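Working through the structure, step by step
The residues making up each chain are set out below.
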Amino acid sequence: GHLKVSDLTTAAIREWHRTISSEVGAYSANRAKKYLRAALALAAEDYHLRPPPMPAQQGRGRTKAKKAILTSDQVATLIKAARSDLDYGLYVAFPFMTGVRPCELLGLLWADVDFDAGVIRIRRSQGDKGELLEVTKTEAGMRDIPMGPMLKAWLLEWRVRCPRRAGELHRVFPGH
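As a convention, each chain's residues are numbered from 1 in the sequence order in which they are written. Local features in this predicted model are restricted to residues of pLDDT 70 or higher, and side-chain atom pairs are both shown and tallied only at a pLDDT of 80 or more, whereas totals for entire chains, interfaces and linings draw on every residue. Derived side-chain values reflect all non-hydrogen atoms in the structure, with water molecules and hydrogen atoms excluded from consideration.

**A closer look at the sheet that holds strand E5 (residues 143-146)**
Following DSSP output, two strands are said to pair if at least two bridges run between them. Strands here are runs of E lasting at least two residues and helices are runs of H or I lasting at least four, both read from the DSSP assignment and numbered beginning at the N terminus. An order of E1-E2-E5 is seen for the 3 strands of this open sheet, with the pairing classed as antiparallel. Strands at the two margins of the open sheet, each flanked by one partner only, are strand E1 (113-114) and E5. As judged from the 2 bridges shared by E1 and strand E2 (residues 119-122), these two strands associate in the antiparallel manner. Pairing of Val113 across the sheet is with Ile120, part of E2.

**Examining the packing of helix H1 (residues 10-24) against helix H2 (residues 26-47)**
At a minimum axis separation of 7 Å, H1 and H2 run at an interaxial angle of 145°. The two elements H1 and H2 cross, and the hand of that crossing is right-handed. Contact with H1, carried on its side by Ile13, Trp16, His17, Ile20, Ser21 and Val24, involves Ala26, Ser28, Ala29, Asn30, Ala32, Lys33, Leu36 and Leu40 of H2 and no other residues of that element. Three residue categories are used. Nonpolar comprises Ala, Val, Leu, Ile, Met, Phe, Trp, Tyr, Cys and Pro, charged comprises Asp, Glu, Lys and Arg, and polar comprises the others, including Gly. The residue inventory of the contact of H1 with H2, partitioned by class, reads 9 nonpolar, 4 polar and 1 charged. Structural elements are reduced to axes, namely lines fitted to C-alpha atoms, with helices fitted over the stretch in contact, and the angle between N-to-C directions of any two is expressed from 0 to 180 degrees. Each crossing gets its hand from how the near helix is turned against the far one by less than a right angle, where anticlockwise is left-handed and clockwise is right-handed. A contact between two residues is defined here by any heavy atoms of the two lying within 4.5 Å.

**Section: the environment of Gly99**
Tracing the chain through its elements places Gly99 in the loop between helix H4 (89-98) and helix H5 (102-107). Under the scheme applied here, a residue whose accessible area is under 20% of the maximum for its type counts as buried, over 50% as exposed, and between as partly exposed, the area being computed with a 1.4 Å probe on protein chains only. Gly99 sits in the exposed class, given a relative accessible area of 54%. Taking the C-alpha atoms as reference, Gly99 lies 8.8 Å from Ile145; in sequence the two are 46 residues apart. Not counting residues up to four positions away in its chain, the partners in contact with Gly99 are Phe94 and Arg143.

**Description of the side chain of Asp112**
Summarising the element assignment, Asp112 is placed in the loop between H5 and E1. Taking the relative accessible area as the measure of exposure, Asp112 reaches 7% and is therefore buried. Think of a polar contact as two N or O atoms within 3.5 Å of one another; within protein, one of them needs to be a possible hydrogen donor and the other a possible acceptor, and neighboring residues in sequence only count if both atoms come from side chains. Within the local environment of Asp112, its side chain forms a polar contact with the side chain of Arg124, the two groups lying 2.5 Å apart. With sequence-adjacent residues up to four places away left out, Asp112 is seen in contact with Gly107, Val119, Ile120, Arg121 and Arg124.

**Concerning the packing of aromatic side chains**
In summary, the pairing rule links any two rings of Phe, Tyr or Trp, Trp by its six-membered ring, whose centres are within 6.5 Å, and it sorts them by plane angle into stacked for under 30 degrees, edge-to-face for over 60 and tilted for everything else. A complete count under the given rule lists 5 aromatic pairs for this structure. Relative to Phe115, the ring of Trp110 has its centre 6.5 Å away and its plane inclined at 25°; by these criteria the two rings are stacked. Of the aromatic side chains, those joined through ring pairs into one cluster are Tyr88, Tyr91, Phe94, Trp158 and Phe173. The criterion is that NZ of a Lys, or CZ of an Arg, lies within 6 Å of the ring centre and within 35 degrees of the ring normal, and then a charge sits over that ring. Above the face of the Trp154 ring, Arg83 is positioned so that its terminal group lies 4.7 Å from the ring centre.

**Remarks on the pairing of E2**
Where E1 folds back onto E2 in an antiparallel hairpin, the turn is made up of 4 residues, including Gly118, whose phi is positive at roughly 70°. Two strands pair when backbone bridges link them, and E2 and E5 are joined in this way by 4 bridges, in the antiparallel orientation. Bridging across to E5, Arg121 finds its partner in Asp144.

**Overview of the pattern of salt bridges**
In the sections that follow, a salt bridge refers to a side-chain nitrogen of Lys or Arg positioned within 4 Å of a carboxyl oxygen of Asp or Glu. Taken as a whole and assessed by the stated rule, the structure comprises 9 salt bridges. Notably, a salt bridge pairs Asp114 with Arg121, separated by 3.0 Å at the nearest N-O pair. With relative accessibility at 21%, the residue Asp114 sits in the partly exposed group. Residue classification places Arg121 among the partly exposed positions, given a relative accessible area of 26%. Among the ionic contacts, a cluster of salt bridges with common partners joins Asp114, Arg121, Arg123 and Asp144.

**Points about the side chain of Arg124**
Position of Arg124 among the secondary structure elements: in the loop between E2 and strand E3 (125-126). Judged by its relative accessible area of 11%, Arg124 falls in the buried class. Within the local environment of Arg124, its side chain forms a polar contact with the side chain of Glu134, the two groups lying 3.3 Å apart.

Printed below as a string of structure tokens:
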């Protein structure tokens, strides 16, 4: 039904916001609330009404668990342990040594590793179905990462043992 602006209450707006949040998500509900606030401000100006106060910032429902960040000592321990695992150690250590996302790690090709320039070129990622995507998550995702001496040596060793596709080096971190 129709509701007069003069009959609108803060509680009704809060309930409306809660409904939108549950149906389509908090982001859309907050956008809708922003537009409602603007419309009520125009109505107040044009018709000399006093709109109800907007509900205070409603809690985001569940608060996100704070991410546990490893200390530099813990990362050093992890890399040292990974160094002794010839098959999977580099898979584990690489993100800590480069800052790449898992999808970027999985999408990395040997053609992107430039040993002469000492850089790893992030140019693609792996999609949900294992396919290579010629894009990264953001525009800033296209970047060159410097390769330190330890990582360079590790990659050179890995290149010798790395599983190949039809006899050729392809992905740095093959799926199997």
